[in-house]
Amino acid sequence: MSSRVNSHVHENQSSDLTKDLKQDGCVQIAIPPRPHERESMQADPVDYVARAQWLRAGVLGANDGLVSVASLMVGVGAVGQSAKAMLVSGLAGLVAGACSMAIGEFVSVYAQYDIEVAERERRRRDGGSEEEEGRLPNPLLAAAASALAFSLGAVPPLLAGGFIRPWGVRVGVVCAVSSLGLAGFGAAGAVLGGANVPKSVLRVLIGGWLAMLVTYGVLRVCGLVFGMHVSSV
């Protein structure tokens, strides 16, 4: 008798549940997230676009310093075998390049600063907007960062080839150290920018090799044609 009552109760409950589901028209099933999905939902996405400005001034500035000074030293080595001449040319390239990068970055960022200030004044005047806005770019900070990045990139080839006496070994060491630096800068830029690492490394290497090869070739031809020779005297 009790089994009949229990079965009748279960049948009534199931029929009531079926009626409720039919009336609602939808069934909601809650599935708990997996552990890795929970972590991915909590982690904030990386804004690679926001990194573009300081990435250009940092990693790419160091890459410019390395390529410029290495190409300059290799070019001087094409018309002379003096270690002092290569060292002096590298130092001159470091100082001149750092100043050029700083001035160029200062002018560029200051132009951006003027445009943003004018745009904010225009919005306040036309629309009366008093909402809080982001920070303005700092031209002095950008200039200092560019000069520092260029100088740091120029140091490896300068130290590698400035104090080696044999000419062939000196040029080879400059090219080898510069290649390692180029690969490192290419990989760092790709990782920080969320790009493909092998493609970035290969692109930076090819660009650096091409710059050193063209500089060496042009000065070598000019040295043979015009009889130019650089000595330490």
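Calculation notes
- Residues numbered from 1 in each chain as written.
- Predicted model: local features only at pLDDT ≥ 70, side-chain atom pairs only at ≥ 80, totals over all residues.
- Heavy atoms only, no water.
- UniProt positions renumbered as here; feature names shortened; annotations may be inferred.
- Axes fitted to C-alpha atoms, helices over the stretch in contact; angles between N-to-C directions.
- Helix = DSSP H or I, 4+ residues; strand = E, 2+ residues; numbered from the N terminus.
- Left-handed = near helix turned anticlockwise from the far one by under 90°.
- Contact = heavy atoms within 4.5 Å.
- Nonpolar A, V, L, I, M, F, W, Y, C, P; charged D, E, K, R; others polar.
- Phe/Tyr/Trp six-rings, centres within 6.5 Å; stacked < 30°, edge-to-face > 60°.
- Buried < 20%, exposed > 50% of the residue type's maximum accessible area, 1.4 Å probe, protein only.
- Expected span 1.5 Å × (residues − 1).
- Polar contact = N/O pair within 3.5 Å; in protein donor to acceptor, adjacent residues only side chain to side chain.

For the protein chain, the name recorded in an unreviewed UniProt entry is Vacuolar iron transporter, with Musa troglodytarum as its organism. According to UniProt, the comment filed for the protein chain under the heading Function (unreviewed entry) is "Vacuolar Fe(2+) uptake transporter."

This part takes up the packing of helix H6 (residues 167-193) against helix H7 (residues 197-226). Relative orientation of the contacting elements H6 and H7 amounts to 150 degrees, with a least axis distance of 8 Å. In the packing of H6 onto H7, the handedness of the crossing is right-handed. In this structure, H6 uses Trp167, Ser178, Ser179, Leu182, Ala183, Gly186, Ala187, Ala190 and Val191 to contact H7, whose residues at the interface are Val197, Ser200, Val201, Val204, Leu205, Gly208, Trp209, Met212 and Tyr216. Looking at the contact of H6 with H7 residue by residue, the class counts come to 13 nonpolar, 5 polar and no charged.

Mapped onto the present numbering, the UniProt feature "transmembrane region" (unreviewed entry) falls at residues 54-79, 91-113, 140-159, 171-192 and 204-227. In residues 171-192, helix accounts for 100% and strand for 0%; the two terminal C-alpha atoms are 31 Å from one another.

The next point concerns the packing of aromatic side chains. On inspection of all chains with the given rule, the structure shows 2 aromatic pairs. The interplanar angle of 55 degrees and the centroid separation of 5.4 Å between the aromatic rings of Phe106 and Tyr110 together place this pair among those described as tilted. Residue Phe106 and its partner Tyr110 are located together in helix H4 (residues 83-127), separated by 4 residues, close to a single helical turn. The class of Tyr110 is partly exposed, set by a relative accessible area of 37%.

This brings us to H7. Residues lying three or four places apart along an α-helix face the same way, a consequence of the helix completing one turn every 3.6 residues. Its 30 residues give H7 an end-to-end C-alpha distance of 43 Å, which sits within 8% of 44 Å, the value for a rise of 1.5 Å per residue. Within the span of H7, buried status applies to Ser200, Val201, Val204, Leu205, Gly208, Met212 and Gly223. Its side-chain oxygen placed 3.0 Å from the backbone nitrogen of Lys199, Asn196 serves as the N-cap of H7.

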